[in-house]
Structure formats: C-alpha cells, structure tokens
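Secondary and tertiary structure notes
The lines below spell out each chain.
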Amino acid sequence: MKKRSDLLITGDARVANRALLRALGLTDADFGKPFIGVINTWSEINPGHVHLRQLAEAVKQGIRAKGGLPFEINTIALCDGIAQGHEGMKYILPSRNLIADSIELAVQANRFDALVLLASCDKIVPACWLAVARLDIPAIMVTGGPMMPGRYKGEDLVLPQAREAVGRLRRGEITEEEFKEIEESICPGPGSCSMMGTANSTSFLTEVMGLSLPGCGTAHAVNAKKIRLARASGEQIMQLWQKNLRPSQILTLSALRNAITVSMALGGSTNVVLHLLALAYELNIPLSLETFDEISRQVPFICNIRPSGKYPILALEEAGGVPAILNEIRHFLDLSVMTVTGNTMLENIKGAQNRNPEVICSPQNPLRKEGGIAILRGSLAPGGSVVKQSAVSEKMLVHTGPARVFENEESAREAVLAGQIKPGEVVVIRYEGPKGGPGMREMLSVTASIVGMGLADSVALVTDGRFSGSTRGPCIGHIVPEAQDGGPIALVKDGDLISINIPQRRLDLLVSEPELKKRHQAWSAPPLKINKGYLKSYAEKVSSADQGCI
C-alpha cells in the first residue's frame, strides 16, 4: 500500500533522509511500516494535560501491536484557568489557531501517514479539529478526560466555586480557613475541570462528531478505562489508515449539525459556537449563527450538569456518557454519519442506556424546553451575540437596566468586589473582542465575582469578549461588531438602558438613532493595545466572532 512517508525513504536520492532516520534507531523493516504521528499536548503546567504522556505510551503500544511505527511529538497546551483574570488570557484563544498551524507544519514536513492526537483542554481540542480537517489524512483523537470533582464538607465541588468563594469571603459568608480549605480541595488531580466547561464540551463533541471512540469523552483522566481507550485508539488508527477513512468523510455538515444539537442538549459552553464555526470554515461548509439558534429552538436542554445543573461530570459518566445522550435525543440526530470506528453513529449507540434519568433527562421531561445556547440580535448586537441560557435564572431571562460601562475586565471585577455594582444594573465590558482585547478574553473573573457577591439573579453582563463554559448567570458575549470595529457597544454610556429578552432573542440599547449617530460621529477607533509579537499579528488578521475568530 502506498504511503505518504515513502517520499522520505524511497530511492537513492533519499539516502540522507534515511540516514537521519537510522540515527533514531530505525531499521530496514521499519521503513516498510506506516509512520503514525502521535500528536501529544502534554504539559507540566496544565492539569488537564499533565497525564497525557501515559496515554501516549498506551497509544503507541496500540500502534505497534497493529504494525505501525509511532512518532510522538508535542505542541502548545495552555490552561485557560491559570490564565484567567490577567493579561495571559489574551493569548488563549489565539493559541487555538497557532496550535492548529503547528500540527499542520509538523505533519506535512514529516509526511506522517496518519495521526493520533491527544488533547484535553479548551482551545487545544478544537485546534486539533482544525488541524485534522485541514490535513485530511486518517486521524483519531484521544481526549484526556475530566478531572474528578473536589469534595468539601461532604459535597462535590467544581472549579468555578473557588472564584465565587472570593465574593463569599469578602461578604463574610465564609472564613479565611474555609476559603483556604476550598482552594485545597477543589482540584484533586489531573484532568479537565469537572463541569460542563469548554474543555469537556469540546471533548464530548469530539466523540459526537465521530473523531474519538465511543465512551472516550466522559472517561475520567484517572480511570484505567482511559488508558484502555488510548491503546484501542492506537490500534484503530491502523484500521483507518488501511481503509483510508479520512476526516472529510466523517466531518460532514450532518456531523456538525449533530454537534450543535448535542451541545444544546448538554448545556455546553458558548465557546463551542466559535470553534464549530472555525471548523466549518476549514471544511468549506457553510455555517452561521442562525443554524445554532434554529437548533436551539428545537432541541431541549436535558443534562443536569454544572454550571447549568446539579451534578459534576462524573455523574454523566456514570449515567452512560455521550452514547446515552445520543440515544436519548436520537430523533434529533442524523444517525447515518460515519465515525472513526468505521461504523455509523447508529451502530455505535446500539445498546446505549441512560442509567440515571435525573442526570440525563428525557426530551419529554427536559430541564428547559430549549437548548442551552441562544443567539441574540438587536441594536446592541446587530451581528449577533451568544448567551448560555441554560445557566440563566428564569427571573433574568427578560431584564432591562442601566448600563455600567468598563473598558476592560480588571476594572469591572474590582468594581463588583468593591460593592459598586447595584442590583438591576447591566455591566458592559468592551474593547475585549478579538481585535480590541486583543484575544477575546473570558470574563470569568467578573462573572464569578457577580455570583460570589450574591448578584447573579439581579445583575447582567454584556461584552464583546467571551465567557468561560463554567459561567452562570445572564452573561451575553461575542457581541458583533466589537467595540474596536465601532460596534454599538463602543457607544454605550453609563446610565443608558439596555434591554435583554432571551426568549425573544433580543439585545437592545435603548438610545435613539439620532443620539447614536451623534456618538458614532464623535467616536474614533483607539490604537491596538499590543504592537508587537504574535498578538499584533493576530489582531490585524483575526475575523469577527460570528465567523469563528479564524
């Protein structure tokens, strides 16, 4: 069977190439084997990736067992949580595109025949989606698995509760000792944060789209099941290579619509909107915000997982994981799509059972009748905006209040923690978009402070930045056009009334057209905040949020 890697080793003109490979210990017998790239994203400073070396070893065992020759390489893996609340967060979303580019470079230069990609966290998983779509050689993903939940005073903890504890401490609700104990208990070991944040949302959608083996999404990082799945993935990539089953045969429009559908049922992170739009761009598949909203209105929210629900991710694994969810909402899905098993989704979910209807509700008895994410438009967001409506209390689905305007995340957070934000107000954080940030930071430190200060049911937040998947409350992001591009959010003043109507999908600035025109004439774009390095290049080239920040 002809191999891409033959280009490195065939003919007398490749003598130097073979000599270099022999320096690695390769033999003549090895040259006859397919070269399988094992793209690892292991990192010592990222708890979601610190265990991936062990999984990579299992992957390589599987590849060797089926006659392949694995080559492990590494790429960037930044932790969103560690970067939260400071300048480091500006680099997180831009890293997605750079990771995809780095994988492309390594794979094309080394002429790998097929790929196994290991990833866990927020931007790394979708970066791998983009890379496999672009390269279109046989590929399979192994997602690293969720972290076990923390435990404190007999209750499960997930990471956002640490940030919310800041407000609780300042209000005198908990002591310094309790605050420290929460900090020390909340992250008990390796894995992606144990709630329906972006990392787990994208890992689950990796399985939904057919890029990972069934059960991989919810198999926890510390469970030996994950090691077995990693070895099985190494074995399976050899089948994919032999059959030449490529991502373009798996990542179809139906697969993307299935991913959106499941995200709505999950109450998944708003960030999946950006990442699926970017993936569609790589695949040259038309996809817009309207598709997300169309599906949201049809598919109920059924997964009782934090932050929108009651339980940590562990409960979802115990209830049957992604296959159980797929089986529950099968009538909303295209079950004929192909997957890396070589079988269709329909074949993969045969026998799947929902072991806990309190965790995975039935579509007939959902947590909410609509999906987890809603797309809002209006005079404040003519190009669209995104909200995780499953995490908004019923009393805040419709709200009108005066604006409190901030030019960055830090000043807004300090105002919240200082008690300067009053019930009924709408916090506006601008110049945090893809260009204006640059990097479209997540406003998690602000949203968690609002919750911790007891304002989640009375204060809304709107921004041209993003939110963490762990955000809860009436938080509307991804506003297009962003402030840096002269969008209406750049024209808001303190005291302007902002109207939010999530059921009607509206986000409006209640200021007259003549006044807005006057303000726009007086406005001019500020200079970019960063004028060197990668972020300068990113800000100059990045597309808007409704196009996936590509």
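The paragraphs below set out a description of the structure included in this document.

Turning our eyes to something else, we now look at the pairing of strand 4 (residues 139-143). Burial analysis of strand 4 places five of its five residues in the buried class, which makes it a mostly covered element. Burial of the side chains of strand 4 extends over both faces: Ala 139, Met 141 and Thr 143 are buried on one face and Ile 140 and Val 142 on the other. In this structure, strand 3 (residues 114-119) lies alongside strand 4, joined through five bridges in parallel fashion. Counted as the bridge partner of Ala 119 is Thr 143 from strand 4. In this fold, the crossover linking strand 3 to strand 4 by way of helix 7 (residues 124-135) has right-handed handedness.

This brings us to the packing of aromatic side chains. Summed over the entire model, instances satisfying the criterion amount to three aromatic pairs. Judged by centre distance (5.0 Å) and plane angle (55°), the rings of Phe 35 and Phe 71 are tilted. Of this pair, Phe 35 sits in strand 1 (residues 35-40) while Phe 71 sits in strand 2 (residues 69-74), and the two are 36 residues apart along the sequence. Of the two residues, Phe 35 and Phe 71, both sit in the buried class. Both rings, one in Phe 71 and one in Phe 112, keep their centres 6.2 Å apart while their planes meet at 25°; by these two values the pair is stacked. In this pair, Phe 71 is assigned in strand 2 and Phe 112 in the loop between helix 6 (92-110) and strand 3, connecting sequence segments 41 residues apart. Judged on exposure class, the residue Phe 71 and its partner Phe 112 are both buried.

Attention shifts here to a nonpolar patch on the surface. Where nonpolar side chains cluster on the molecular surface, the patch consists of Ile 76, Leu 78, Tyr 91, Leu 98 and Tyr 534 and spans about 380 Å² of accessible area. Mapped onto the secondary structure, Ile 76 falls in the loop between strand 2 and helix 5 (80-83). On the accessibility criterion, Ile 76 (31% relative accessible area) is partly exposed.

This brings us to the pattern of salt bridges. Scanning all chains against the criterion turns up 39 salt bridges. For the salt bridge of Glu 290 with Arg 377, the shortest nitrogen-to-oxygen distance reads 2.5 Å. A residue pair is termed long-range when its members are at least 10 positions apart, and Glu 290 in helix 15 (residues 289-296) and Arg 377 in strand 7 (residues 373-378) qualify at 87 residues. Residue class for Arg 377 comes out partly exposed when judged on its relative accessible area of 25%. Among the ionic contacts, a cluster of salt bridges with common partners joins Asp 80, Lys 123, Glu 442 and Arg 466.

Cis rather than trans, the peptide bond between Gly 437 and Pro 438 has omega equal to -15°. Here Pro 438 shows up in the loop between strand 10 (426-429) and helix 20 (444-452). The omega torsion of the bond from Val 480 to Pro 481 falls at 0°, within 30 degrees of zero and hence cis. Locating Pro 481 in the fold gives a position in the loop between strand 12 (475-480) and strand 13 (497-501). Located in the positive-phi region is Asn 284, a residue other than glycine, with phi close to 60°. Within the secondary structure, Asn 284 is located in the loop between helix 14 (271-283) and helix 15.

Counting 111 residues, the largest nonpolar core has Phe 35, Leu 276 and Leu 279 as its most contacted members. Broken down by element, this core gets its largest block of residues, ten residues, from helix 7. Excluding residues that lie within four positions of it along the chain, Leu 279 makes contacts with Trp 129, Leu 130, Ala 133, Met 209, Leu 251 and Leu 256. The next biggest cluster of nonpolar side chains, apart from the first, holds 29 residues, and it includes Ala 403, Tyr 431, Ile 479 and Leu 491.

Relative to the helices and strands, Pro 307 resides in the loop between helix 15 and helix 16 (313-319). Since its relative accessible area comes to 14%, Pro 307 is described here as buried. As a C-alpha pair, Pro 307 and Ser 269 span 38 residues in sequence and 9.8 Å in three-dimensional space. In contact with Pro 307, other than residues within four places in its own chain, are Met 195, Met 196, Lys 388, Gly 469, Ser 470, Thr 471 and Arg 472.

Moving on, we come to the sheet that holds strand 3. A sheet is described by the order of its strands in space; here four strands give the open sequence 2-1-3-4, paired in parallel fashion. On the outer flanks of this sheet lie strand 2 and strand 4, each paired with one strand and no other. Between one strand and the next, the sheet's axes are offset by a mean angle of 20°, whatever the strand orientation. Here strand 1 pairs with strand 2 via six bridges, running parallel. Of the residues in strand 2, the one forming a bridge with Val 38 is Glu 72. Contacts between helix 11 (residues 224-243) and the sheet are confined to strand 1, strand 3 and strand 4, with strand 4 contributing the most and set at about 175° to the helix.

Rules used throughout
Residues numbered from 1 in each chain as written. Predicted model: local features only at pLDDT ≥ 70, side-chain atom pairs only at ≥ 80, totals over all residues. Heavy atoms only, no water. Buried < 20%, exposed > 50% of the residue type's maximum accessible area, 1.4 Å probe, protein only. Helix = DSSP H or I, 4+ residues; strand = E, 2+ residues; numbered from the N terminus. Pairing = 2+ DSSP bridges. Right-handed = clockwise from strand over helix to strand, strands pointing away. Phe/Tyr/Trp six-rings, centres within 6.5 Å; stacked < 30°, edge-to-face > 60°. Patch = residues over 30% accessible without salt bridge, like charges linked within 9 Å, V, L, I, M, F, W, Y side chains within 5 Å. Areas by Shrake-Rupley, 256 points an atom, 1.4 Å probe, with all protein chains shown as cover. Salt bridge = Lys/Arg side-chain N within 4 Å of Asp/Glu carboxyl O. Core = buried A, V, L, I, M, F, W, Y, C linked by side-chain atoms within 4.5 Å. Contact = heavy atoms within 4.5 Å. Axes fitted to C-alpha atoms, helices over the stretch in contact; angles between N-to-C directions.

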